[in-house]
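Report on the structure
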Amino acid sequence: MANNRFINTWLRDWWDIFCHELKQIFSDGGVMLIFIIAGLAYPLLYNVVYLNGLLEDTPVAVVDDADCSDSRRFIREIDATREVEVAAKCVNMDEAERLMRDRKINGIVYFPRDFGEKLARNETATLSLYADMSSFLYYKNAMIATNFVMLHEIGQIQMERYSLAGMTEQEASQVIKPLGYEDNNPFNRTFNYSLFLISAILMIIIQQTMFYGMSLLAGTQRERNHSFASLPDKLEGHGMIRVVLGRGGAYWLLYLGIGMYIAFIVPAIFGIPQRGQFGDILAMLLFFITDCVFFSMTWSTLITRRESVFLLFLAMSPICLFLTGCSWPTVAFPGFWKVFSYIFPSTFGVQSYINLSTAGGDINAAGSQMRIMILQTIIYFGLSCACIFAENWVIHHKEVIRERKDKLARKAGIDKVEDTKIIAGE
Amino acid sequence: MNNWQRILSVARRELRIIRNRPLYFMGSVGVIAFCAVFFLTFLNNGLPDNIPIGIVDEDQSSTSRNFCLQLDATQLGKVVRYDSFSAAREDMTSGKIAAVCVIPEGMNENIQAFKQPKITFYVNGLYFVSGALAWKDLLTMVNLTNGAVQREILRAKGFNDSQIMGMIRPIDIDTHQIGNVTTNYNYYLTGILLPGILEMIVILVLIYSLGAELKFGTSRHLMDTSGHSIVTALMGKLLVWTIVFSAIGFVIIMLLYHWLHFPISGSIFNMFLAMFLMIIASEAAGIFILEMLPVPRLALSVGALYSVLGLSLSGFTLPLEAMPPYIQGLAVMFPLRHYYLFHVQEVIFGAGFAGWWDEVIHLLVFLFVPLVGLSRLKNAYIHQNFPKE
């Protein structure tokens, strides 16, 4: 009987808190701006910026001092690659360097005078590639193009030389390539920059907008001298779990919608591959969102004023992106930052989203990440309860704390009256 | 009181505010210090090494074992052995290994018999850097193995070593990486990311500093102090903040190019200039945003969106040419873009004034932008007729 009553009041309290929080969210323009506009528009914006994601036809200049048929063929073949375009033929290196400084070209291919002679003498002929390192993608393109053309040319020249050495054509072709290879890049065939980056950014947007929105609300409540953590009076300091689950439920419900939009609809609009099973991704998304809710609830406790979250934590967004391991590989993380990356749900959310949705793995492919997310959820749930408890304690001991502060100020000789004129805060 | 004294009294007032709100200190010095420590230690290695590459060796011959040993011995790769392809593929999909390389059964015999066996490898291009590096490493190994086999054959046929070299490698490429000889990601990324974060901080802190006057209703006190001149008020505030941000900026430049010896082909003093110009241009951008939207909360949200976009649109990772044309034009709105172009000329090419003078002009143009909305801001400060939240 008593048990039943407890459950009933628990559920009623939970429902009240849940509704109250939803009302708070929807009546606050700033929070709606973050949740709705940023949550909906950011993903579109980033997709537009990284829409192509492929750098093609990087302009290079050639300086052909050799001026022989081999160098000319080499140049034609470079020009024909997808990666590089021969934008200028310069008479000397000075001219090419000037073009590079003017940012007209991003690489120089130089054939020395003896290039053709060395080839004729059966020696190794060396050509030089000067790559602009201002973006590594320029360098990558110039490298790939010249190296593939080189490998192709080597095959051709070897054919000639081996037949001169008295091999039959078949023998020669067998000697030239005793071991073949076949390379596959099944998930990202052209090393497209946008595929991995957008997948990562999408999940980070979920986490960051939720955190910013929740912090805005927490800051606002505090500015109005309420507290986001105030328990219903009748509970007399009990019932933290109700509050955490009630408030969390509101965000969880909202982000179910936003999260599904970001994880399913946005990639579909822009043609990002969605190779995974809908059910798997949805399950992952639910774990991730739950994790994000408790994560945001814990850390938003630090926010005392409405706007301060942007000043303090906006720079965390690019850092979170690095911590996912999508660009810089996780194996190369220094030990401390590896541990640090366990603070954020995004580290594991991004990895499992990429593994499931973009790479098309089954749920096992995100198994280890999901186990960590569950662990994070449990820890952050405990922490958010603790934060609410601490917040309550502070509210009930406000007078004592203020007295201490004043005493300190008097000791340090700070003119409180003049300060309040400027600050006009509290 | 003359105007200079008024500017100083606004500056003194600003210092008092900074002392009373730890947020300013945390949001500027605290954030940049954390980011500097993060990026510099995170990317300290410069280039990742020991990237796990899965190998499924179905051959188990001396050649295949040698192939694995050689691959393991490269700086880039670290071999992880698998018994079945499906296990390896699963680990690749889940991101544990960067690539899978399958050595077919009978590879050794087939090489000896000139049947041209094929090594197959699969790369996970969604973990970008590790995938690309693993791919490069595997390709190099296959070519080296080919060369080794050829050398044996040619030796058996009685060629001498210098002839063999010409046979195996008729063409060679000698690559020069201008401005970053070792393909160091730390030099490449941190050199722009830290100024980028600073741009973000300048815009946000300045919007907050100017907006807080409206939010807490202290703007009339500010106008009284400045003798009811908006220009004087801004001057006083900017005096304090420009000194603070420039100090941070100069420390960043010193840190990167002097203490940590990042390569720079031009002069470090020119980079001080670039940094200073980027800071004042960002300040102008921040002021402009608040003038147009004298509601601190909205202005901060817009400032946040704007400054985060600046990192992408500076074009230092994905070059601007690869973005849609209508996005390319927007890039000039971001001070970081001009800083990056300046950086390319000075740090990478060492071109000096001739290379970057137009970027200086672009950055200076930003200073005229806030003039548009001065009266609007003054009205907002006097009438406080905008919503405070």
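Residues numbered from 1 in each chain as written. Chains lettered and ligands numbered in written order. Predicted model: local features only at pLDDT ≥ 70, side-chain atom pairs only at ≥ 80, totals over all residues. Heavy atoms only, no water.

**Points about the overall build of chain B**
Spelled out, the test is: Runs of E in the DSSP output that reach at least two residues are strands. Runs of H or I that reach at least four are helices, and both are numbered from the N terminus. We take the radius of gyration over the C-alpha atoms and set the globule estimate at 2.2 Å times the residue count to the 0.38 power. Relative accessibility decides the category of a residue: with a 1.4 Å probe and only protein chains considered, values under 20% of the type maximum give buried, values over 50% give exposed, and everything between is partly exposed.
Within chain B, the secondary structure is distributed over 16 helices and five strands. The C-alpha radius of gyration of chain B comes to 29 Å, more than 25% above the 21 Å expected for a compact globule of 389 residues. Counting only C-alpha atoms, chain B reaches 95 × 45 × 40 Å along its principal axes. Going through the 389 residues of chain B one by one, you find that 60% of them count as buried.

**Regarding the domain arrangement of chain B**
Put simply, the rule is: Where each domain begins and ends follows an automated or database-derived domain assignment.
You can read the domains of chain B as domain 1 (3–44 + 184–383) and domain 2 (51–168). A C-alpha centroid distance of 50 Å is found between domain 1 of chain B and domain 2 of chain B.

**A closer look at the domain arrangement of chain A**
The domain architecture assigned to chain A consists of domain 1 (9–50 + 192–412) and domain 2 (58–176). Put simply, the middle of domain 1 of chain A and the middle of domain 2 of chain A, counted by C-alpha atoms, are 52 Å apart.

**Examining a nonpolar patch on the surface**
Residue and element names in this part refer to chain A. Stated formally: Like-charged residues are merged into a patch within 9 Å and nonpolar side chains (Val, Leu, Ile, Met, Phe, Trp, Tyr) within 5 Å, provided each residue has over 30% relative accessible area and no salt bridge. Note on areas: Shrake-Rupley with a 1.4 Å probe; residue coverage comes only from the protein chains shown. Put simply, a salt bridge is a Lys or Arg side-chain nitrogen that is within 4 Å of an Asp or Glu carboxyl oxygen.
Nonpolar side chains collect at one region of the surface, where W393, V394, V400 and I401 lie side by side and expose about 330 Å² of accessible area between them. Residue assignment for the nonpolar patch shows that the elements contributing at least two residues are α15 (367–396) and α16 (398–412). Looking at the secondary structure, you find W393 in helix α15.

**Describing the pairing of strand β2 (residues 84–90) of chain A**
All names here are of chain A. Formally: When DSSP finds two or more bridges between two strands, those strands count as paired. By the criterion used throughout, a crossover qualifies as right-handed when its path from the first strand across the helix to the second strand runs clockwise, the strands pointing away from the viewer.
In the sheet, strand β1 (residues 58–64) pairs with β2 via six bridges, with the strands oriented parallel. Bridge assignment links V63 to a residue of β2, and that residue is C90. Regarding the hand of the β-α-β motif, the stretch spanning β1, helix α3 (residues 69–80) and β2 is right-handed.

**Regarding the packing of helix α1 (residues 3–20) of chain B against helix α10 (residues 230–259) of chain B**
Two numbers describe a pair of packed helices, the interaxial angle and the distance between the axes. Residues and elements named next belong to chain B. Rules: Inter-axis angles, ranging from 0 to 180 degrees, are taken between N-to-C directions of lines fitted to C-alpha atoms, where helices are fitted over the stretch in contact. For this classification, under 35 degrees means roughly parallel, over 145 means roughly antiparallel, 65 to 115 means roughly perpendicular, and everything else is oblique. By convention the crossing between two helices is left-handed if the near helix lies anticlockwise of the far one by an angle smaller than a right angle, and right-handed if it lies clockwise. Note on contacts: a residue pair qualifies if any of its non-hydrogen atoms lie within 4.5 Å across the two residues. Put simply, Ala, Val, Leu, Ile, Met, Phe, Trp, Tyr, Cys and Pro go in the nonpolar bin, Asp, Glu, Lys and Arg in the charged bin, and everything else, Gly too, in the polar bin.
With their axes 8 Å apart at the nearest point, α1 and α10 run at an angle of 55° to one another. Between α1 and α10, the angle falls in the class oblique. At the point where α1 passes α10, the crossing takes the right-handed sense. Taken together, the residues of α10 that come into contact with α1 (itself represented by N3, R6, I7, L8, V10, A11, E14, L15 and I18) are T232, A233, M235, G236, K237, L239, V240 and W241. Partitioning the contact of α1 with α10 into residue classes produces eleven nonpolar, three polar and three charged.

**As for the packing of helix α6 (residues 136–164) of chain A against helix α7 (residues 169–176) of chain A**
Residue and element names in this part refer to chain A. Between α6 and α7, the shortest axis-to-axis distance is 9 Å and the interhelical angle comes to 135°. Relative to α7, α6 is oriented oblique. In terms of crossing hand, the pair formed by α6 and α7 is right-handed. Contacts between α6 and α7 pair G155, Q158, M159 and Y162 from the former with E169, A172, S173, V175 and I176 from the latter.

**Points about the interface of chain A and chain B**
The following threshold applies: Here the buried area means the combined drop in accessible surface, using a 1.4 Å probe, for two parts upon being joined, counting both sides. Pairs of N or O atoms are called polar contacts if they sit within 3.5 Å, as long as, within protein, a hydrogen donor faces a hydrogen acceptor (for residues adjacent in sequence, only side-chain-to-side-chain pairs).
Tallying the contact residues gives 125 residues for chain A and 125 residues for chain B. A combined buried area of about 11300 Å² lies between chain A and chain B, and 69% of that area is made up of carbon and sulfur atoms. In terms of surface lost to chain B, no three residues of chain A exceed L179(A), L311(A) and W328(A), which account for 8% of the buried area on that side. Taken together, the connections running from chain A to chain B amount to one salt bridge. Ionic pairing is found between K215(B) and E307(A), a salt bridge with its closest N-O pair at 2.7 Å. The interface formed by chain A and chain B contains 44 residue pairs in polar contact (both at pLDDT 80 or more). Residue composition of the side of chain A that touches chain B, by class: 72 nonpolar, 33 polar and 20 charged. In the sheet, strand β5 (residues 180–184) of chain A pairs with strand β4 (residues 118–123) of chain B via five bridges, with the strands oriented parallel. Across the sheet, residue Y181(A) finds its bridge partner in β4(B), namely I119(B).

**Examining the confidence of the model for chain B**
Residue and element names in this part refer to chain B. The following threshold applies: Confidence scores labelled pLDDT are given residue by residue by the predictor and lie between 0 and 100.
Put simply, chain B has an average pLDDT of 91, and 99% of its residues get 70 or more. Least confident of the elements in chain B is helix α7 (residues 161–168), whose mean pLDDT is 83; most confident is helix α11 (residues 268–292), at 96. What the predictor reports for the complex is a pTM of 0.91 with an ipTM of 0.91.

**Notes on helix α4 (residues 93–101) of chain A**
For clarity, the cut-off: Summarising the geometry, the arc corresponds to the directions from the helix axis toward the C-beta atoms.
Taken together, the buried positions of α4(A) are occupied by M93(A), A96(A) and M100(A). Taken down its axis, α4(A) places every buried residue within 65° of arc, on the same side. Against β1, β2, β3 (107–111) and β4 (125–132) of chain A together with β5 (171–178) and α14 (335–349) of chain B lie the buried residues of α4(A). Two residues or fewer after α4(A) comes R103(A), characterised by a positive phi angle close to 60°.

**Describing helix α6 (residues 128–156) of chain B**
The condition is simple: Each helix should span, by expectation, one fewer than its residue count multiplied by 1.5 Å.
For α6(B), spanning 29 residues, the distance from its first C-alpha to its last is 43 Å, which sits close to the expected 42 Å at 1.5 Å a residue. The first or second residue beyond α6(B) is G158(B), which carries a positive phi of 95°.

**Concerning empty space enclosed by the protein**
Regions of empty space are outlined by a rolling probe, equal in size to a water molecule, passed over the atoms. All names here are of chain B. Put simply, the rule is: Both site types are read off a 1 Å grid over the protein atoms alone. A 1.4 Å probe that fits but cannot get out defines a cavity, while an open set with protein on both sides within 12 Å along at least five of seven lines defines a pocket; lining residues have an atom within 4 Å of a point. Grid points are joined across faces, edges and corners, and a volume is the space filled by probe spheres set on the points.
In the structure shown here, the tally under the stated rule is three cavities of 30 Å³ or more. Approximately 140 Å³ is the volume attributed to the largest cavity. Lining the largest cavity are 14 residues, and of these G179, Y187, Y188, H343 and I348 sit closest to its centre. Secondary structure elements with two or more residues in the lining of the largest cavity: α8 (185–215) and α14. At four residues, the largest contribution of residues to the lining of the largest cavity is made by α14.

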